Amino acid sequence: MSDIRFTDQHEWVRIDGDIATLGITDYAQEQLGDVVFVELPEVGKELAVGDEAAVVESVKAASEVYTPVSGEIVDVNNDLEATPAGVNEDAMGDGWFLKLRLFNPSEFDKLMDEAAYAEFIEGLQ
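Residues numbered from 1 in each chain as written. Predicted model: local features only at pLDDT ≥ 70, side-chain atom pairs only at ≥ 80, totals over all residues. Heavy atoms only, no water.

K.L.:
Can you tell me about the pattern of salt bridges, naming the residues and giving the values?
P.N.:
If the charged atoms of two oppositely charged side chains come close together, the side chains can form a pair. Per the counting criterion, the structure on display carries two salt bridges. Arg5 serves as the salt-bridge partner of Asp3, at 3.6 Å between the closest nitrogen and oxygen. Judged by its relative accessible area of 27%, Asp3 is partly exposed. On the basis of relative accessible area, Arg5 is assigned to the buried category, the value being 16%. In this structure, the salt-bridge partner of Arg101 is Asp18, at a minimum N-O distance of 3.4 Å. (Salt bridge = Lys/Arg side-chain N within 4 Å of Asp/Glu carboxyl O. Buried < 20%, exposed > 50% of the residue type's maximum accessible area, 1.4 Å probe, protein only.)

Printed below as a string of C-alpha coordinates:
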(Lines give C-alpha, C1' and ligand atoms only; values in the text may rest on other atoms or scores of the structure.)
Protein backbone atom coordinates (compact mmCIF):
# COMPACT_ATOMS: atom_id res chain seq x y z
CA MET A 1 0.00 0.00 0.00
CA SER A 2 1.30 3.41 -0.92
CA ASP A 3 -0.13 6.62 0.52
CA ILE A 4 1.00 10.22 0.02
CA ARG A 5 0.82 13.26 2.29
CA PHE A 6 1.98 16.88 2.09
CA THR A 7 3.35 19.66 4.30
CA ASP A 8 2.71 23.40 4.31
CA GLN A 9 6.36 23.77 3.25
CA HIS A 10 5.57 21.88 0.01
CA GLU A 11 7.28 18.59 0.78
CA TRP A 12 5.59 15.31 -0.08
CA VAL A 13 5.98 11.98 1.69
CA ARG A 14 4.95 8.65 0.23
CA ILE A 15 4.77 5.64 2.57
CA ASP A 16 5.36 2.09 1.46
CA GLY A 17 5.56 -0.29 4.43
CA ASP A 18 7.99 1.27 6.91
CA ILE A 19 9.80 3.31 4.23
CA ALA A 20 8.96 6.97 3.57
CA THR A 21 10.07 8.58 0.30
CA LEU A 22 10.47 12.37 0.50
CA GLY A 23 10.56 15.09 -2.17
CA ILE A 24 9.19 18.51 -3.05
CA THR A 25 5.84 19.10 -4.70
CA ASP A 26 5.13 20.22 -8.24
CA TYR A 27 4.03 23.56 -6.75
CA ALA A 28 7.41 23.96 -5.01
CA GLN A 29 9.46 23.19 -8.12
CA GLU A 30 7.31 25.61 -10.17
CA GLN A 31 7.98 28.37 -7.61
CA LEU A 32 11.71 27.63 -7.58
CA GLY A 33 12.13 27.60 -11.34
CA ASP A 34 14.96 25.65 -12.96
CA VAL A 35 16.71 23.53 -10.33
CA VAL A 36 20.49 23.69 -10.78
CA PHE A 37 21.81 21.91 -7.68
CA VAL A 38 20.55 19.43 -5.06
CA GLU A 39 22.49 18.67 -1.88
CA LEU A 40 21.47 15.37 -0.30
CA PRO A 41 22.31 13.96 3.16
CA GLU A 42 24.34 10.84 3.92
CA VAL A 43 22.73 7.41 4.07
CA GLY A 44 22.57 6.31 7.71
CA LYS A 45 21.88 9.79 9.08
CA GLU A 46 18.97 10.00 11.51
CA LEU A 47 16.48 12.85 11.10
CA ALA A 48 13.83 14.16 13.49
CA VAL A 49 10.67 15.97 12.37
CA GLY A 50 11.63 19.45 11.16
CA ASP A 51 15.31 18.66 10.53
CA GLU A 52 16.90 19.92 7.33
CA ALA A 53 16.99 16.94 4.97
CA ALA A 54 18.32 18.49 1.74
CA VAL A 55 19.05 21.76 -0.03
CA VAL A 56 17.69 22.71 -3.45
CA GLU A 57 19.17 25.55 -5.46
CA SER A 58 17.48 27.05 -8.48
CA VAL A 59 18.11 29.99 -10.76
CA LYS A 60 15.87 32.00 -8.39
CA ALA A 61 16.77 30.87 -4.87
CA ALA A 62 18.20 28.28 -2.51
CA SER A 63 15.72 26.47 -0.32
CA GLU A 64 15.99 23.94 2.46
CA VAL A 65 13.91 20.79 2.42
CA TYR A 66 12.76 19.68 5.88
CA THR A 67 11.63 16.23 6.89
CA PRO A 68 8.04 15.98 8.14
CA VAL A 69 8.66 12.49 9.55
CA SER A 70 11.50 11.07 11.63
CA GLY A 71 13.65 8.17 10.56
CA GLU A 72 16.98 6.85 9.36
CA ILE A 73 18.02 7.61 5.79
CA VAL A 74 18.26 4.35 3.86
CA ASP A 75 18.64 5.74 0.33
CA VAL A 76 19.23 9.01 -1.53
CA ASN A 77 18.53 9.85 -5.16
CA ASN A 78 22.10 10.25 -6.43
CA ASP A 79 20.76 10.89 -9.94
CA LEU A 80 19.78 14.40 -8.78
CA GLU A 81 23.39 15.35 -8.12
CA ALA A 82 24.25 14.70 -11.77
CA THR A 83 20.90 15.83 -13.17
CA PRO A 84 19.20 18.24 -10.73
CA ALA A 85 16.67 19.19 -13.43
CA GLY A 86 15.06 15.82 -12.69
CA VAL A 87 13.24 17.67 -9.90
CA ASN A 88 11.59 19.95 -12.49
CA GLU A 89 10.81 17.07 -14.83
CA ASP A 90 9.15 14.74 -12.30
CA ALA A 91 9.10 16.25 -8.80
CA MET A 92 6.59 13.74 -7.47
CA GLY A 93 8.17 10.70 -9.12
CA ASP A 94 11.75 10.24 -10.32
CA GLY A 95 12.70 13.56 -8.69
CA TRP A 96 12.42 12.14 -5.15
CA PHE A 97 15.19 13.16 -2.71
CA LEU A 98 15.57 10.48 -0.04
CA LYS A 99 14.07 7.46 1.65
CA LEU A 100 13.73 7.05 5.41
CA ARG A 101 12.99 4.02 7.56
CA LEU A 102 10.26 5.48 9.78
CA PHE A 103 10.76 5.79 13.53
CA ASN A 104 7.16 6.85 14.24
CA PRO A 105 4.59 6.07 11.52
CA SER A 106 1.91 8.12 13.34
CA GLU A 107 3.77 11.33 12.31
CA PHE A 108 2.64 10.64 8.74
CA ASP A 109 -1.02 10.77 9.80
CA LYS A 110 -0.63 14.40 10.93
CA LEU A 111 0.22 15.60 7.40
CA MET A 112 -2.21 16.91 4.77
CA ASP A 113 -3.81 14.51 2.31
CA GLU A 114 -4.10 15.42 -1.38
CA ALA A 115 -7.45 17.22 -0.99
CA ALA A 116 -6.24 19.31 1.97
CA TYR A 117 -3.01 20.20 0.15
CA ALA A 118 -4.92 21.23 -3.00
CA GLU A 119 -7.09 23.49 -0.84
CA PHE A 120 -3.97 24.91 0.85
CA ILE A 121 -2.44 25.73 -2.59
CA GLU A 122 -5.68 27.43 -3.68
CA GLY A 123 -5.39 29.70 -0.67
CA LEU A 124 -1.91 30.79 -1.75
CA GLN A 125 -2.95 31.97 -5.19
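Next, the rest of the story.
K.L.:
Go over the nonpolar core, please, and point to the residues and values.
P.N.:
Of all hydrophobic cores here, the largest spans 26 residues; its most connected members are Val13, Ile24, Val38, Val69, Val87, Phe97 and Leu98. Listed by contribution, the elements that provide at least two residues to this core are strand E2 (11-16), strand E3 (19-24), helix H1 (26-32), strand E4 (35-39), strand E6 (52-58), strand E8 (71-76) and strand E9 (98-102). Sequence-distant contacts of Phe97, defined by excluding residues within four places in its chain, comprise Leu22, Gly23, Ile24, Val38, Leu40, Ala54, Val56, Val65, Val76, Asn77, Leu80 and Val87. The next biggest cluster of nonpolar side chains, apart from the first, holds nine residues, and it includes Ile4, Phe6, Trp96 and Tyr117. (Core = buried A, V, L, I, M, F, W, Y, C linked by side-chain atoms within 4.5 Å. Helix = DSSP H or I, 4+ residues; strand = E, 2+ residues; numbered from the N terminus. Contact = heavy atoms within 4.5 Å.)

K.L.:
Tell me about the sheet that holds E4, residues and numbers included.
P.N.:
In space, the three strands of this open sheet follow the order E4-E6-E7, with antiparallel pairing throughout. One side of each edge strand has no neighbouring strand; the edge strands of this open sheet are E4 and strand E7 (62-66). Averaged over all pairs of adjacent strands, the angle between strand axes in this sheet comes to 25°, irrespective of strand direction. As judged from the four bridges shared by E4 and E6, these two strands associate in the antiparallel manner. (Pairing = 2+ DSSP bridges. Axes fitted to C-alpha atoms, helices over the stretch in contact; angles between N-to-C directions.)

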